[in-house]
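In case you want the letters, here they are:
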Amino acid sequence: MNDNDKTKEQLTEELKELRSRIGELEEAEVDRKRSEQVRLALYHIANAVNTTEDLNELFKSIQQQLGTIVDTTNFYIALYNKGDDTLLLPYFVDEKHKFTSVPAGKTLTAYIVKHNKPLLATEEDIKKMTEAGEVEMIGTISKLWLGVPLQTGKEVIGALVVQSYTDSSLYTEKDLEILKFVSDQVAIAVERKQSDEMLRESEEKYRLHFDNVSDVIFSIDPDFNLLSISPSVERVLGYKAEELIGKSLRFIDILAPDYLETAISETTRILMGVRITSSVYEFIAKDGSRKFGEVSGAPLIRNNAIVAALCIARDITERVKTEKALRASEERFRGITERSFDAIYELDLDGNITYISPAIERITGYKSKEILGTPFNSYLRETEVPKAVQDLAKVRKGNNLEGLNLEIMRKDGSLASIEFNASPIVKDGTVIGIQGIARDITERKRVEEELRILATTDTLTGFLNRGFGLLLFGKQLQMAKRNNSKLSICYIDVDGLKDVNDTYGHQEGDEVLRLISRFIKETLRKADIISRLGGDEFLLILPQCSADKAVLVWERIAEKVDAYNTRKMKPYVIRLSRGFAEYDPGEEKSVDQLIAVADQEMYKDKRSKSPK
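These figures come from a predicted structure and were not determined experimentally. (Residues numbered from 1 in each chain as written. Predicted model: local features only at pLDDT ≥ 70, side-chain atom pairs only at ≥ 80, totals over all residues. Heavy atoms only, no water.)

Participant: Pulling in residues and values, what's your account of the overall build of the protein chain?
Facilitator: For the protein chain, the count of helices and strands is 19 helices and 20 strands. Counting all 612 residues of the protein chain, 45% fall into the buried class. The contacts in the protein chain between residues at least 6 apart in sequence include a share of 53% that link residues at least 24 apart. Here the protein chain has roughly 33300 Å² of accessible surface; of this, 50% comes from carbon and sulfur atoms. (Helix = DSSP H or I, 4+ residues; strand = E, 2+ residues; numbered from the N terminus. Buried < 20%, exposed > 50% of the residue type's maximum accessible area, 1.4 Å probe, protein only. Contact = heavy atoms within 4.5 Å. Areas by Shrake-Rupley, 256 points an atom, 1.4 Å probe, with all protein chains shown as cover.)

This is how it looks when you write it as C-alpha cells:
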C-alpha cells in the first residue's frame, strides 16, 4: 500500500469519527430541547389547574398543552362511578367514537382504575388480555393504548387515556411517566371542583332554608341593630323583612315593652359568647295583635371574633293559648287539642296512653286510635327509656315537668326529637294520671346544631375556632391537673403563607391551609384537639402526652408535608414552624403561659431556618 492509499484510509476513518461525534451532539441537543419542551408543557398544565375554574375549559387546555409533547389526537378523561359501575366521560376526543358514558365492566379503562396501575398496551397485548378474560373491548381496538389512574389520596376516581388507531410505536414509557404527572394535576382539579360544588350546595341549602323556614331566623349586631331576618317574619308579624333590617332593637316597637330589657340583656350575653335557649317573648304584630315567640340564640363568629347574635324564633302563640285554655276548663281543653299543632296527651299511672290528640299523626305517622292503650315507653328510643321512667315518676309524685327532650321512633322507623311538658292529673287530692304537651322539635334541633357549628368551628379548615379551642384547652388542663397527668401542646405556623397569597392568590393560600389541615387530621388521635388560632396558626392539644411524644406526632405531620412537597404538585414548597410546651403536674402553668412557651419555641424554630 503506497503513502497516498494510507492517507486516504486515515482520512476516511477520521471522517467517520467526526460524523459519529456530530450525531451524538445532535442527539444530545434533541434530548435537551425535548426536556425543555416537556418541562414547559407540564408547567403550563400545573398553572392551568390553579387558574382555570371551568373543568371543560381546563381539560381542553390540558389536551392542548400535553399535545405539544405527546400525541393527543385521541384523548379522554374518565370518572368512575362506583355506585353503578359506570365510567362518565366529561372530556372525550376521539377519531372513531363519541361517548359520554359507558358501563365500566371489564373495559381497559376500568382495568387501570380497579387495579390502580398505569398500562401501556399494544394491539397484541390487548388481544391477549381479552382472550384471558381480563378485559372486554368496547369500540375499535387500538394499535397502542396508554392510560394512567386519577387518584385523590387513597381513592382512584378515574383515568386519563391517550391511544392510537394507526401507530403501534407512538407512545413510550417516558410518555407514561409524563401522563402520571398530568393525571395528578387532573385529579387535583376534579377534587377541587367537587369540593366547590359541595360548598355551593351547602350554601344554597342554607339559603333555601333561610328563605322558606317557618320559624323566624334573624341576626343582631353589637349595636343592637337587625342585620338580617328571614322572610317568614311577614307570616308571623305582618312586617316585610326590608321594613325591619337596619332598625334598632330598642326602637323597632315589635317587642312588648315589658320584654325589651330582657331582650337587650340576653342579646348582650350572646354577644359575650353565651348560648341562649327557649326564652319566651311577647311580640307586637304590625296589625297590633300580640304574638308569643320562643327564641334561641348563639354567637356568630367570624375571623375569631363575635360579630353578631344569630337567633331563631318559633311562633308559640297557639301553645300559650292552649296552655291557658287547659287551665280554664276541660271542655275547652278538648276543643283546642283537636286543632293544636302540638300533640296533647294523657297517661294512666302505669304509663299507658289514654288520650292523644290528632296532631300525633303529623309528628309520628300513627293515628290516634293506633296509639290509644299502648305503653308510652314503647315509642321511645331504647336508650331514652330510663330517663323517661325517672322523670315521669316525679310527675306521679305531684311535680310538674317542663322541657323533657326525648327521641321517639316514628311509624316509618325514623327518629324524631320531641319536647315534653307534663303535669299530674289530680282528683280529690290524689294523682290519677299524667297530662301534657308533646312538640316536634326535630327541625329546631337541626337548626340549633347548625348554629352550634357556626359558633364553634372554623369554616375553612373544619377545626375548632380560636375561642372554642382555647375554652376546651382550659378544660383539658383542669382535667390534667385533677388526674395528675401530663399534657402537651404544639404551636404551628405556616411559613410564607403571605407570599403564596400575594403570588398565587388567596384561593391558593386557602388551599395550603386545607392541605395542612388534612395532614394534621390524618395524624392526630380522636382524643386530641385542633384549633385554628389565626390566619396561619394552629394549636394542637395532646392530652396525656409528654413533650417527647408530641415531637413524634409533629414528625409524622412533617413527613406528610415533605412527601407532598416531593411530589412537586405546587410551584412552591409548603413549610411549617413549630413549638412545643408541656404541662407537668409538678409545675403549675396556665393556658396563657403554656401557649406563650410554645409560641416562643415556634419563633426559635422559624428563626433557625431564616437566612443568616
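Participant: Can you break down the packing of aromatic side chains residue by residue, with the values?
Facilitator: Within the structure shown, the criterion is met by 12 aromatic pairs. Every member of this aromatic cluster is reached through a ring pair, and the members are Phe59, Phe75 and Tyr91. We note Lys96 situated over the ring of Tyr165; from NZ or CZ to the ring centre the distance is 5.8 Å. (Phe/Tyr/Trp six-rings, centres within 6.5 Å; stacked < 30°, edge-to-face > 60°. Lys NZ or Arg CZ within 6 Å of the ring centre and 35° of its normal.)

Participant: Residues and numbers for the environment of Glu243, please.
Facilitator: Structurally, the position occupied by Glu243 is in helix α7 (residues 241-244). Taking the relative accessible area as the measure of exposure, Glu243 reaches 28% and is therefore partly exposed. Excluding its chain neighbours within four sequence positions, the residues that come into contact with Glu243 are Gly238 and Lys286.

Participant: Can you tell me about the sheet that holds strand β6 (residues 155-164), naming the residues and giving the values?
Facilitator: Across the sheet, which stays open at both edges, the 6 strands sit in the order β3-β2-β1-β6-β5-β4 with antiparallel pairing between neighbours. Both edges of this open sheet fall to β3 (101-103) and β4 (119-122), since each of them pairs with a single strand only. Taking the axes of each pair of neighbouring strands and ignoring which way they run, one obtains an average angle of 25 degrees across the sheet. The sheet contact formed by strand β2 (residues 86-93) and β3 spans 3 bridges and is antiparallel. Note that in β3 the partner of Leu87 across the bridge is Val102. Those strands touched by helix α2 (residues 55-66) are β1 (75-81) and β2, and its axis lies near 60 degrees from that of β2. (Pairing = 2+ DSSP bridges. Axes fitted to C-alpha atoms, helices over the stretch in contact; angles between N-to-C directions.)

Participant: Which residues make up the nonpolar core, and what are the values?
Facilitator: With 63 residues, the main nonpolar core has Leu66, Leu160, Val182, Val186, Ile520 and Leu540 as its most contacted residues. Sorting elements by how many residues they give to this core places helix α5 (residues 173-212) first, with 9 residues. Beyond its immediate chain neighbours, meaning those up to four positions away, Leu160 contacts Phe75, Tyr76, Ile77, Leu146, Gly147, Val148, Leu150, Leu179, Val182, Ser183 and Val186. (Core = buried A, V, L, I, M, F, W, Y, C linked by side-chain atoms within 4.5 Å.)

Participant: Give me the packing of helix α17 (residues 506-523) against helix α18 (residues 547-566): which residues, what numbers.
Facilitator: Close contact between α17 and α18 brings their axes to 9 Å; oriented N to C, the two are set at 135 degrees. When the axes of α17 and α18 are compared, the pair comes out oblique. Judged by the twist between their axes, the crossing of α17 over α18 is right-handed. Contact with α17, carried on its side by Leu515, Phe519, Ile520, Glu522 and Thr523, involves Val553, Arg556, Ile557, Lys560, Val561 and Tyr564 of α18 and no other residues of that element. When its residues are assigned to classes, the contact of α17 with α18 shows 7 nonpolar, 1 polar and 3 charged. (Parallel < 35°, antiparallel > 145°, perpendicular 65-115°, else oblique. Left-handed = near helix turned anticlockwise from the far one by under 90°. Nonpolar A, V, L, I, M, F, W, Y, C, P; charged D, E, K, R; others polar.)

Participant: Outline the side chain of Ser517, listing residues and values.
Facilitator: You can see Ser517 is positioned in helix α17. Residue Ser517 is classed as buried on the basis of its relative accessible area of 2%. A distance of 2.7 Å separates a polar side-chain atom of Ser517 from the backbone oxygen of Leu513. Residues within four places of Ser517 in sequence aside, it is in contact with Thr461, Phe463 and Phe538. (Polar contact = N/O pair within 3.5 Å; in protein donor to acceptor, adjacent residues only side chain to side chain.)

Participant: Residues and numbers for the pairing of strand β18 (residues 529-532), please.
Facilitator: Every other side chain in a regular strand lies on the same face of the sheet, so the side chains alternate between the two faces. Of the two faces of β18, the one holding Ile529 and Ser531 and the one holding Ile530 and Arg532 are both buried throughout. Note that β18 and strand β19 (residues 537-543) share 4 bridges and pair antiparallel. Residue pairing across strands places Ile530 opposite Leu540, the latter belonging to β19. Connecting β18 to the next strand, β19, in antiparallel fashion are 4 residues.

Participant: Before we move on, can you summarise the sheet that holds strand β14 (residues 401-409) with the specific residues and values?
Facilitator: Strand order in the open sheet formed by 5 strands is β13-β12-β16-β15-β14, with antiparallel pairing between adjacent strands. The open sheet has two free edges, formed respectively by β13 (353-356) and β14, since each of these has just one partner strand. Recorded for the sheet is a direction-independent mean angle of 30 degrees between the axes of neighbouring strands. Sheet topology note: the β14/strand β15 (residues 415-427) ladder contains 7 bridges and is antiparallel. Residue Leu404 lies in a different strand from β15, and its bridge partner there is Phe420. With respect to the sheet, helix α13 (residues 385-396) is in contact with β12 (343-347), β14, β15 and β16 (430-440), its orientation differing from that of β14 by roughly 145 degrees.

Participant: Account for helix α15 (residues 466-483), naming residues and giving values.
Facilitator: When the terminal C-alpha atoms of α15 are compared, their 25 Å separation across 18 residues agrees well with the 26 Å that a helix rising 1.5 Å per residue should span. Along α15, the residues that are buried comprise Gly469, Phe473, Gly474, Gln476, Leu477 and Ala480. End-on view of α15: buried residues confined to an arc of 170 degrees, all on one side of the axis. Where the residues of α15 are buried, they touch β17 (487-495), β18, β19, β20 (575-583) and α19 (591-609). Just beyond α15, the residue with positive phi is Asn484, at close to 55 degrees. (Expected span 1.5 Å × (residues − 1). Arc of directions from axis to C-beta.)

Participant: Describe unusual backbone geometry, naming the residues involved and giving the relevant values.
Facilitator: The phi torsion at Asn304 lies on the positive side, around 65 degrees, for a residue other than glycine. Along the chain, Asn304 turns up in the loop between β10 (290-302) and β11 (305-315). Unlike most non-glycine residues, Lys568 shows phi in positive territory, near 50 degrees. If you trace the backbone, Lys568 turns up in the loop between α18 and β20.

Participant: A description of the environment of Phe99 should follow, citing residues and the corresponding values.
Facilitator: Examined against the element boundaries, Phe99 turns out to sit in the loop between β2 and β3. Taking the C-alpha atoms as reference points, Phe99 and Leu88, separated by 11 residues in sequence, lie 8.9 Å from one another. Excluding anything up to four places from it in sequence, Phe99 contacts Leu89, Phe92 and Ile138.

Participant: I'd like a rundown of the packing of helix α16 (residues 497-504) against α17, residues and numbers included.
Facilitator: Following both chains from N to C, one finds α16 and α17 inclined at 140 degrees, their axes separated by 6 Å at the closest point. Mapping the contact onto sequence places Leu497, Val500, Asn501 and Tyr504 in α16 and His506, Glu508, Gly509, Val512 and Leu513 in α17.

Participant: Account for the pattern of salt bridges, naming residues and giving values.
Facilitator: Across all of its chains, the model carries 29 salt bridges by this definition. For the salt bridge of Glu522 with Arg518, the shortest nitrogen-to-oxygen distance reads 3.5 Å. Of this pair, Glu522 and Arg518 both sit in helix α17, 4 residues apart, which is roughly one turn of that helix. Through salt bridges that share partners, Glu123, Lys127 and Lys143 make up one connected network. (Salt bridge = Lys/Arg side-chain N within 4 Å of Asp/Glu carboxyl O.)

Participant: Tell me about the environment of Arg482, and please be specific about residues and values.
Facilitator: Within the secondary structure, Arg482 is located in helix α15. By relative accessible area, Arg482 is classed as exposed at 61%.

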